[in-house]
Amino acid sequence: MKELEYINVREKIKDLSLNNGNGLIFLPYNFENAKGVKEFIYDDSVKVVNKLWRSENINIERLENDISETKYYQENDITWIGPTIFIAYSFWSENPNLMAVGLSVVANYLTDFFKGKTGSPKIKLEYIVEKNPKKKSKNVRFSYEGDIQGLDKLPKILEKLKNE
């Protein structure tokens with residue numbers, strides 16, 4: 001697990017004239033460098049996570065209005081790469097338990113998904129956490145690479161990052 005400073009997501013959204021979300025937002029994996037929506041490429045897992053979370057009434061926003069031409073990237077090995085998710089500070093403050101519920105749903109899905117497969121599956125997830133805007137802190141990128149069992153530690157880690 002590692003954390004790195006990340007670009008100001010809200011500024012980039014404004015620069016590209018995208019939908020300004022105040023909740024959970026799927027970010028394309030090339031968000032930092034994309035010069036427009038046509039360049040966006042999302043991890044294929046966006047579709048699965050969106051469906052799982054909708055079933056739990058966890059709504060996730062998209063940056064673009066028209067997703068009909070969305071490009072997806074799929075990894076074909078024993079690693080499951082989750083979508084990059086931006087967590088707005090205000091959303092987290094209003095819904096403190098939602099990330100734990102969301103990660104639990106994903107962990108249950110992955111347990112079933114990898115059942116019967118040989119080898120030790122790896123999970124890769126990236127979260128962009130918006131820190132408290134009053135502190136003028138930078139957004140932080142948190143990358144997780146590990147096994148399914150490690151997912152239960154993420155909500156506390158992400159909560160700590162938000163408040164630093």
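In what follows, the structure referred to is the one given above.
Residues numbered from 1 in each chain as written. Predicted model: local features only at pLDDT ≥ 70, side-chain atom pairs only at ≥ 80, totals over all residues. Heavy atoms only, no water.

## Quick look at empty space enclosed by the protein
Put simply, the rule reads: Using a grid of 1 Å spacing that covers the protein atoms alone, one calls a set of points a cavity when a 1.4 Å probe fits there but cannot get out, and a pocket when the set is open and has protein on both sides within 12 Å along at least five of seven lines; lining residues are those with an atom within 4 Å of a point. Grid points are joined across faces, edges and corners, and a volume is the space filled by probe spheres set on the points. Following the grouping adopted for this structure description, the nonpolar residues are Ala, Val, Leu, Ile, Met, Phe, Trp, Tyr, Cys and Pro, the charged ones are Asp, Glu, Lys and Arg, and the polar ones are all others, Gly among them.
For the coordinates displayed, the defined rule picks out 1 cavity of 30 Å³ or more. Roughly 40 Å³ of internal volume is contained in the largest cavity. What lines the largest cavity is Tyr6, Pro28, Tyr29, Phe31, Glu32, Thr84, Glu126 and Arg141. Partitioning the lining of the largest cavity into residue classes produces 4 nonpolar, 1 polar and 3 charged.

## Some remarks on the packing of aromatic side chains
In this description, a pair of aromatic rings is defined by centroid distance and the angle of the planes. Stated precisely, the cut-off is as follows: Geometry of aromatic contacts follows a simple scheme: Phe, Tyr and Trp rings, the Trp one being its six-membered ring, pair when their centres are within 6.5 Å, and the pair is stacked under 30 degrees between planes, edge-to-face over 60, tilted otherwise. Buried, partly exposed and exposed residues are distinguished by accessible area as a fraction of the type maximum, computed with a 1.4 Å probe on protein chains only: under 20%, between the cut-offs, and over 50%, respectively. Our definition puts a charge over a ring when NZ of Lys or CZ of Arg is within 6 Å of the ring centre and also within 35 degrees of the ring normal.
Summed over the entire model, instances satisfying the criterion amount to 5 aromatic pairs. Plain terms: the ring middles of phenylalanine 113 and phenylalanine 114 are 5.0 Å apart, the flat faces sit at 80° to each other, and that makes the pair edge-to-face. Its relative accessible area of 8% is what places phenylalanine 114 among the buried residues. Taken together, the aromatic side chains of Phe31, Phe40 and Tyr42 make up a single cluster linked through ring pairs. Taking the ring centre of phenylalanine 31 as reference, the NZ or CZ of lysine 12 above it sits at 5.9 Å. Arginine 62 extends its terminal NZ or CZ atom over the ring of tyrosine 42, reaching a point 4.3 Å from the ring centre.

## Section: the environment of lysine 38
Selection criterion: Counting from the N terminus, the helices are DSSP H or I runs at least four residues long and the strands are E runs at least two residues long. In what follows, residue pairs with any heavy atoms lying within 4.5 Å of each other are defined as contacts.
In this fold, lysine 38 is placed in the loop between strand S2 (24-27) and strand S3 (41-43). In this structure, lysine 38 is in contact with Glu69 and Lys71, ignoring residues within four places of it in sequence.

## Looking at the pattern of salt bridges
Note the following rule: Within this document, salt bridges are pairs made up of a side-chain nitrogen of Lys or Arg and a carboxyl oxygen of Asp or Glu, the two lying within 4 Å of each other.
Scanning the model with the defined rule gives 7 salt bridges in all. Residue aspartate 44 pairs with lysine 47 through a salt bridge whose shortest N-O separation is 2.9 Å. The partly exposed category is assigned to lysine 47, whose relative accessible area is 45%. Here the residues in one salt-bridge network are Glu32, Glu126 and Arg141, joined through shared partners.

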